[in-house]
Amino acid sequence: AQKITQTQPGMFVQEKEAVTLDCTYDTSDQSYGLFWYKQPSSGEMIFLIYQGSYDEQNATEGRYSLNFQKARKSANLVISASQLGDSAMYFCAMREGRRSSASKIIFGSGTRLSIRP
Amino acid sequence: GAVVSQHPSWVICKSGTSVKIECRSLDFQATTMFWYRQFPKQSLMLMATSNEGSKATYEQGVEKDKFLINHASLTLSTLTVTSAHPEDSSFYICSAKRGLDTEAFFGQGTRLTVV
């Protein structure tokens, strides 16, 4: 069964608008972590934001915020005031179990975000 | 943040030959590294977990004799694609975690083309 689901293969957004990228997940663990990574055309994976399952506050990092709804098992990424440089693939990812150096991270199928000038 | 360096960034090889890809953690020690494979316009699929000083743990469906992983030191893991075929052409990317850091740090990736 798919653990991470991103239902939006692609999105077009006008520059300076806010955008929400959807992510739902499935796990039976009580302790887990959720990530968002950005992958530009160069291929590198850029870490954006992290949310732990026990974190009560939604994570924020600059223009990025994570809308964590635990009961619904969703972890949507919100990008405020989008910029042309935000155009990239965005992956939602999850670590199951307690945080450790050996814990695996699995990825969703990704959303290609394109920002229109 | 921590730096993970992957080499080469791209390689073209002939069918039937073997290719080695290196993944180095430059400023931290990584007892565990992870190897992913990414087909064009698709997600990252975890291939294996590389453990320093012991055998790698492969994900279901990944041929361990085809994709040899060696984690010789706390800063270096290598992935060797043996007897490469055109269907092995893909983007291979490694990652490592620094202790209990929440995020994983990724290498730049290696684009392998088998002709």
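Here the structure is shown first, and the text comes after it.
Owing to the predicted nature of the structure, the values given are computational and were not obtained by experimental measurement. (Residues numbered from 1 in each chain as written. Chains lettered and ligands numbered in written order. Predicted model: local features only at pLDDT ≥ 70, side-chain atom pairs only at ≥ 80, totals over all residues. Heavy atoms only, no water.)

Enquirer: What am I meant to see in the layout of surface pockets here?
Expert: Left-over empty space is what a probe sized like a water molecule reveals as it rolls over the atoms. Empty space within the largest pocket amounts to approximately 650 Å³. Lining the largest pocket are 29 residues; nearest its centre among them are Ile 106 of chain A together with Leu 44, Met 45, Leu 46 and Glu 59 of chain B. Secondary-structure elements contributing two or more residues to the lining of the largest pocket are β10 (88-96) and β11 (105-107) of chain A together with β4 (32-38) and β5 (44-51) of chain B. At 4 residues, the largest contribution of residues to the lining of the largest pocket is made by β5 of chain B. Considered class by class, the residues forming the lining of the largest pocket number 13 nonpolar, 7 polar and 9 charged. (1 Å grid on protein atoms, 1.4 Å probe; cavity = no way out; pocket = protein on both sides within 12 Å on 5 of 7 lines; lining within 4 Å. Points joined across faces, edges and corners; volume = space filled by probe spheres on them. Helix = DSSP H or I, 4+ residues; strand = E, 2+ residues; numbered from the N terminus. Nonpolar A, V, L, I, M, F, W, Y, C, P; charged D, E, K, R; others polar.)

Enquirer: Before we go on, may I ask you to explain the pairing of strand β9 (residues 90-96) of chain B in this structure?
Expert: The side chains of a regular strand alternate between the sheet's two faces. All names here are of chain B. Along β9, 7 of the 7 residues are buried, which leaves the element largely enclosed by surrounding structure. Burial along β9 is two-sided: the residues Ser 90, Tyr 92, Cys 94 and Ala 96 and Phe 91, Ile 93 and Ser 95 are all buried. The sheet contact formed by β4 and β9 spans 6 bridges and is antiparallel. Its bridge partner being in β9, Met 33 is matched across the sheet by Ala 96. Where β9 lies against strand β11 (residues 110-114), 3 bridges are found, and the strand directions are antiparallel. Counterpart to Tyr 92 in the pairing with β11 is Thr 110. Two elements, β9 and strand β10 (residues 105-106), share 2 bridges in a ladder whose sense is antiparallel. (Buried < 20%, exposed > 50% of the residue type's maximum accessible area, 1.4 Å probe, protein only. Pairing = 2+ DSSP bridges.)

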